[in-house]
Amino acid sequence: TDARDGMPDVDWMGYLGPNLRIFLNGHERQEHLLFVDLPVYGVFSSDFSYIEYSGWSTTPKFGYKWEKHGKVRTIFQTSVSANYSSASVNDVIYGVSDQYATANRPEFYSPSGYTGWRTSIGVSRKHKEVWYGLFIKGYQLDGSVIDDSPLVTDESSWVAGFAFAWIFASSD
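Residues numbered from 1 in each chain as written. Predicted model: local features only at pLDDT ≥ 70, side-chain atom pairs only at ≥ 80, totals over all residues. Heavy atoms only, no water.

This part covers the overall build of the chain. Secondary structure assignment for the chain yields 1 helix and 10 strands. Expressed as lengths along the three principal axes of its C-alpha atoms, the size of the chain is roughly 60 × 35 × 25 Å. Partitioning the contacts of the chain with sequence separation of at least 6, the portion at a separation of at least 24 is 57%. Summed over all atoms, the accessible surface of the chain reaches about 10800 Å², with 58% contributed by carbon and sulfur. When the 14 basic and 20 acidic side-chain charges of the chain are each reduced to a single mean position, those positions are 19 Å apart. (Helix = DSSP H or I, 4+ residues; strand = E, 2+ residues; numbered from the N terminus. Contact = heavy atoms within 4.5 Å. Areas by Shrake-Rupley, 256 points an atom, 1.4 Å probe, with all protein chains shown as cover. Lys, Arg positive; Asp, Glu negative; His and termini not counted. Charge placed at Lys NZ, Arg CZ, Asp CG, Glu CD.)

Structure follows, in structure tokens:
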């Protein structure tokens, strides 16, 4: 966006780490499932000539999943999560160092902490070797440690998508 004009591009970022899933009402293979995810990620940046550790991130999530097996497998899932990141991760994306500060883009360094929440809803179906799905995700940054960054031009956003896959081999 125009907010980053004259600043270097943000390198590709990857998240790697474990996730503890806690089932609140039974086991994973039941039709209606309530769960909590507790992930902890190391965040790595790269422009494909190097890989560098950038910090940590976590996104505790509360979710509901409905799954119906049969000739056509259908899954409906919805969740809400809170996002937290280290200062170093926040600064890679939302920070403005003094050399890139302008009259309209003041210097900004973010502390570690709460970086907003996300909600999502999706449905997918699998019939024989064909899988497809739809999703909608909403993001809210209001009240977060990055909310005052001059690079934040909208405190909320929505994303929608469609996915399709042909499964040519399976162990099931």
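The structure having been displayed, the exposition proceeds.
Moving on, we get to the side chain of Ser86. You can see Ser86 is positioned in the loop between strand E7 (72–85) and helix H1 (87–94). On the basis of relative accessibility, which here comes to 5%, the residue Ser86 falls in the buried class. When neighbours within four sequence positions are excluded, Ser86 is seen to be in contact with Ser54, Gly55, Trp56 and Ser112. (Buried < 20%, exposed > 50% of the residue type's maximum accessible area, 1.4 Å probe, protein only.)

On the surface, a cluster of negative charge is contributed by Asp142, Asp148, Asp154 and Glu155. Overall, Glu155 belongs to the partly exposed group, its relative accessible area being 35%. (Patch = residues over 30% accessible without salt bridge, like charges linked within 9 Å, V, L, I, M, F, W, Y side chains within 5 Å. Salt bridge = Lys/Arg side-chain N within 4 Å of Asp/Glu carboxyl O.)

Let us look at the pattern of salt bridges. Under the criterion given, the structure shown has 4 salt bridges. For the salt bridge of Glu67 with Arg73, the shortest nitrogen-to-oxygen distance reads 2.6 Å. The class for Glu67 is buried, based on a relative accessible area of 8%. Ionic contacts of the salt-bridge type, sharing partners, join the residues Arg21, Asp37 and Lys61 into one network.

Here we take up the packing of aromatic side chains. Scanning all chains against the criterion turns up 6 aromatic pairs. Ring geometry for Trp12 and Phe48: centres 6.0 Å apart, planes at 35°, overall tilted. With Trp12 in strand E1 (residues 12–16) and Phe48 in the loop between strand E4 (41–46) and strand E5 (51–58), this pair connects stretches of sequence that are 36 residues apart. Between Tyr15 and Tyr41, the aromatic rings sit 6.1 Å apart at their centres with planes inclined by 90°, giving edge-to-face as the arrangement. Within this pair, whereas Tyr15 is found in strand E1, its partner Tyr41 is found in strand E4, the two being separated by 26 residues in sequence. Between Lys137 and the ring centre of Phe135, over which it is positioned, the NZ or CZ distance is 5.7 Å. (Phe/Tyr/Trp six-rings, centres within 6.5 Å; stacked < 30°, edge-to-face > 60°. Lys NZ or Arg CZ within 6 Å of the ring centre and 35° of its normal.)

Ranked by size, the top nonpolar core spans 5 residues in total: Ala3, Met7, Val96, Phe108 and Leu151. Those residues in contact with Met7 that sit more than four places away from it in its chain are Gly95, Val96, Tyr100, Arg105 and Leu151. (Core = buried A, V, L, I, M, F, W, Y, C linked by side-chain atoms within 4.5 Å.)

Turning our eyes to something else, we now look at the environment of Tyr94. Looking at where Tyr94 falls in the secondary structure, it is placed in helix H1. Setting aside residues no more than four positions away along its own chain, Tyr94 makes contact with Phe108, Ile146, Ser149, Leu151 and Val152.

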